[in-house]
Amino acid sequence: MWRYSAAKATGTSHIKVGTPCQDRFACKISSSGHMLIAVADGAGSASKADLGAELASATAIASLEESFAADSVDPLEAVQTAMAVARQRVLDEAAEMEIEPRELSSTLLLVALGPDGSAAGQIGDGIIAVKLDDAWSWVFWPQHGEFVNTTRFVIEPDAPDHIETSRLAPEVREVAVMTDGLEPLAIEYASRSAYSGFFEGVLQPLRAVASAGEAEQLSQHLQAFLESPRVRERADDDLTLVIASRVE
Amino acid sequence: MSGLDQVPFGNVDFVSNPEPRCPCVLLLDTSGSMAGEKIAHLNHGLRTFAEELRSDSMAAKRVELAIVTFGPVAELQPFTTVDAFAAPELNPQGDTPMGAAITRGIEMVNARKAEYRQHGIGYYRPWIFLITDGASTDDVTAATSAVRDGEARKSFAFYAVGVEGADMAKLATIAVPSRPPLKLRGMSFRELFVWLSNSLGGVARSQPGEQVPLTNPTAPEGWATAG
């Protein structure tokens, strides 16, 4: 079984100009025993980015749950399906609301960790990091394009060409998923490496939790951490962090 | 046991990545026709520019400036961060080799981007900002196609400002239609540079997917008139 904590914080740059937090996450341990994580970062230029991020993450989790309800499901296929279903759900919502899909722009990061196989998927920026053989590494390099203030979104016409998915090694017992606001604290860009000082630091408190499911009190501490001055002075965007660890 | 150890997430360590950079190269006409009032206002405007950028903490960390003067074409200031930038005192002389200046500016931007990539430094879309009061005295065919090509590939944004006496029709054939040349209102160099500083500051603090709203310089109280 899995234990996890999750939190988000509104960016100080958003507070200053009065825009809401446009990050959303959804986490669930399915009845099949899978740890399911979805994180979406709504685009700053999109008028309903928070709704888009909410729909994308919630729909993806529901799709994963439905997939894993069947017997012998390939986790990679389940993630690919969830990506496609979430994308279509957001496009349908735009059509129903009679707005341009880009008004619902968000990234989408998915992880499904199972007893008999795991997989991950991503479009846009942000990081999914896993611990394997005592070392942390990212699964997909964040999709920033040439410039730091550009990225890809799940609703874009060519998004299917840019959605990345991958199987994760069965030995993966720990994972961290974050939106791009935390990237500069956790990833060393020059060497393109995941910084273990960050990932070990955030996973350590979770390892002390004995029971499976959400460590709710720790999630509150995680939110306080994201809102702490030492994080704030380095990151002014919306911040989301989900951490999960397998319980013996 | 220290206090930090007792707070969950109290001992998380952070990477110190270099700040992402927002490069801007100024292409400044220093031909003979700029002598007198124009160059005095331009020099004053550059000092204002440096002060404004320094007073914006994010811009001060992220904006990088370079200056190319013409003519003749000279790289007066290689790319430097705002804190190391000192406004130069420009002296007008010579003709107006605008085409060569534009080509040099594009080369500098491309070389700078290669350096950023080599060192793992993130960057924003570079700005190339041309200020002139004349008409080019050299062939601008190659420069024009390089501007059009760079704009089409979104590798940089090219802005052209014409000061009193500038050949606006010619400038309009170089700049892209989506970013038409602007005519400076009188000697509003100071207002132009305050706007440029604010705009670069806005870019330097933008997040992925965010469009940076620029103040319209052709508004009644702005520093420019269209065309």
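Peer 1: How would you summarise the overall build of chain B if you had to cite specific residues and measurements?
Peer 2: Summing up its helical and strand segments, chain B has seven helices and seven strands in all. Reading chain B from its N terminus to its C terminus gives the helix and strand order α-β-α-α-β-β-α-β-α-β-α-β-α-β. Here the C-alpha radius of gyration of chain B, 19 Å, is about what a compact globule of 227 residues would show, namely 17 Å. The principal-axis extents of the C-alpha atoms in chain B amount to approximately 75 × 35 × 30 Å. Counting only residues that meet the buried cut, chain B has 45% of its 227 residues in that class. Considering only residue pairs separated by 6 or more positions, chain B has 74% of its internal contacts joining residues 24 or more positions apart.

Peer 1: Give me the lowdown on helix 7 (residues 189-204) of chain B, citing residues and values where you can.
Peer 2: Over its 16 residues, helix 7 of chain B runs 22 Å from end to end, which matches the ideal 22 Å to within 8%, given 1.5 Å per residue. Every buried residue of helix 7 of chain B is accounted for by B:Phe189, B:Leu192, B:Phe193, B:Trp195, B:Leu196, B:Ser197, B:Ser199, B:Leu200, B:Gly201, B:Val203 and B:Ala204.

Peer 1: Can you tell me about the sheet that holds strand 3 (residues 35-41) of chain A, naming the residues and giving the values?
Peer 2: Residues and elements named next belong to chain A. Spatial ordering of the open sheet is given by 2-3-4-5-8, a layout of five strands whose pairing is antiparallel. The open sheet has two free edges, formed respectively by strand 2 (23-29) and strand 8 (164-168), since each of these has just one partner strand. Adjacent strand axes in the sheet meet at a mean angle of 10° when their direction is disregarded. In the sheet, strand 2 pairs with strand 3 via seven bridges, with the strands oriented antiparallel. Across the sheet, the residue bridging to Ala 26 is Ala 38, located in strand 3. Its contacts with the sheet put helix 3 (residues 75-97) on strand 4 (108-114), strand 5 (117-123) and strand 8, and the angle it makes with strand 5 is roughly 30°.

Peer 1: Go over the packing of helix 4 (residues 98-118) of chain B against helix 5 (residues 141-152) of chain B with me, naming the residues and quoting the values.
Peer 2: When two helices pack together, their arrangement is given by the angle between their axes and by how far apart the axes lie. Residue and element names in this part refer to chain B. The contact between helix 4 and helix 5 brings their axes to 8 Å, and the two run at 35°. In terms of crossing hand, the pair formed by helix 4 and helix 5 is left-handed. Along the contact surface, helix 4 presents Gly 99, Ile 102, Thr 103 and Ile 106, while helix 5 presents Ala 142, Ala 143, Ala 146, Val 147 and Gly 150. Taken together, the residues that form the contact of helix 4 with helix 5 break down as six nonpolar, three polar and no charged.

Peer 1: Quick rundown of the interface of chain A and chain B? Include the residues and the values.
Peer 2: Counting from both sides, the interface comprises 33 residues of chain A and, opposite them, 22 residues of chain B. Of all the secondary-structure elements, those providing two or more residues to the side of chain A that touches chain B are helix 5 (183-186), strand 10 (187-188), helix 6 (196-207) and helix 7 (216-226) of chain A. Residue contributions to the side of chain A that touches chain B peak at five residues, all from helix 6 of chain A. Here the side of chain A that touches chain B is built from residues that sort into 17 nonpolar, eleven polar and five charged.

Peer 1: Just give me the short version of the nonpolar core, but keep the residues and values in it.
Peer 2: Within the largest apolar cluster, 83 residues are counted, with the highest numbers of intra-cluster contacts made by A:Ile37, A:Leu108, A:Leu110, A:Leu241 and A:Val242. Broken down by element, this core gets its largest block of residues, eight residues, from helix 2 (residues 49-69) of chain A. Once residues lying within four places of it in the same chain are set aside, the contact partners of A:Val242 are A:Tyr4, A:Ala6, A:Phe25, A:Cys27, A:Ile37, A:Val39 and A:Val177. Counting residues in each nonpolar core, the second largest holds 64 residues, with B:Cys22, B:Phe49, B:Ala146 and B:Trp223 among its members.

Peer 1: Outline helix 2 of chain A, listing residues and values.
Peer 2: With 21 residues, helix 2 of chain A extends 30 Å between its outermost C-alpha atoms, agreeing within 8% with the 30 Å of an ideal straight helix rising 1.5 Å per residue. Burial analysis of helix 2 of chain A places 15 of its 21 residues in the buried class, the great majority of the element.

Peer 1: Tell me about the packing of helix 2 (residues 37-54) of chain B against helix 7 of chain B, and name the residues and values.
Peer 2: Residue and element names in this part refer to chain B. Interhelical geometry of helix 2 versus helix 7 gives an angle of 25° and a closest axis separation of 8 Å. Accordingly, the angle class assigned to the pair helix 2 and helix 7 is roughly parallel. In terms of crossing hand, the pair formed by helix 2 and helix 7 is right-handed. Here His 41, Leu 42, His 44, Gly 45, Leu 46, Thr 48, Phe 49, Glu 52 and Leu 53 of helix 2 lie close against helix 7, whose contacting residues are Phe 189, Arg 190, Leu 192, Phe 193, Val 194, Leu 196 and Ser 197. Grouping the constituent residues of the contact of helix 2 with helix 7 by class yields nine nonpolar, five polar and two charged.

Peer 1: Before we move on, can you summarise the pairing of strand 2 of chain A with the specific residues and values?
Peer 2: Here is the key point about a regular strand: its side chains alternate between the two faces of the sheet. Across the seven residues that make up strand 2 of chain A, a large majority, five, are buried. The turn linking strand 2 of chain A back onto strand 3 of chain A is made up of five residues, and A:Gly33 within it adopts a positive phi angle of 90°.

Criteria and cut-off values
Residues numbered from 1 in each chain as written. Chains lettered and ligands numbered in written order. Predicted model: local features only at pLDDT ≥ 70, side-chain atom pairs only at ≥ 80, totals over all residues. Helix = DSSP H or I, 4+ residues; strand = E, 2+ residues; numbered from the N terminus. Rg over C-alpha atoms; globule rule 2.2 N^0.38 Å. Buried ≥ 20, exposed ≤ 12 C-beta atoms within 10 Å, placed from the backbone. Contact = placed C-beta atoms within 7 Å. Expected span 1.5 Å × (residues − 1). Pairing = 2+ DSSP bridges. Axes fitted to C-alpha atoms, helices over the stretch in contact; angles between N-to-C directions. Left-handed = near helix turned anticlockwise from the far one by under 90°. Nonpolar A, V, L, I, M, F, W, Y, C, P; charged D, E, K, R; others polar. Core = buried A, V, L, I, M, F, W, Y, C linked by C-beta atoms within 7 Å. Parallel < 35°, antiparallel > 145°, perpendicular 65-115°, else oblique.

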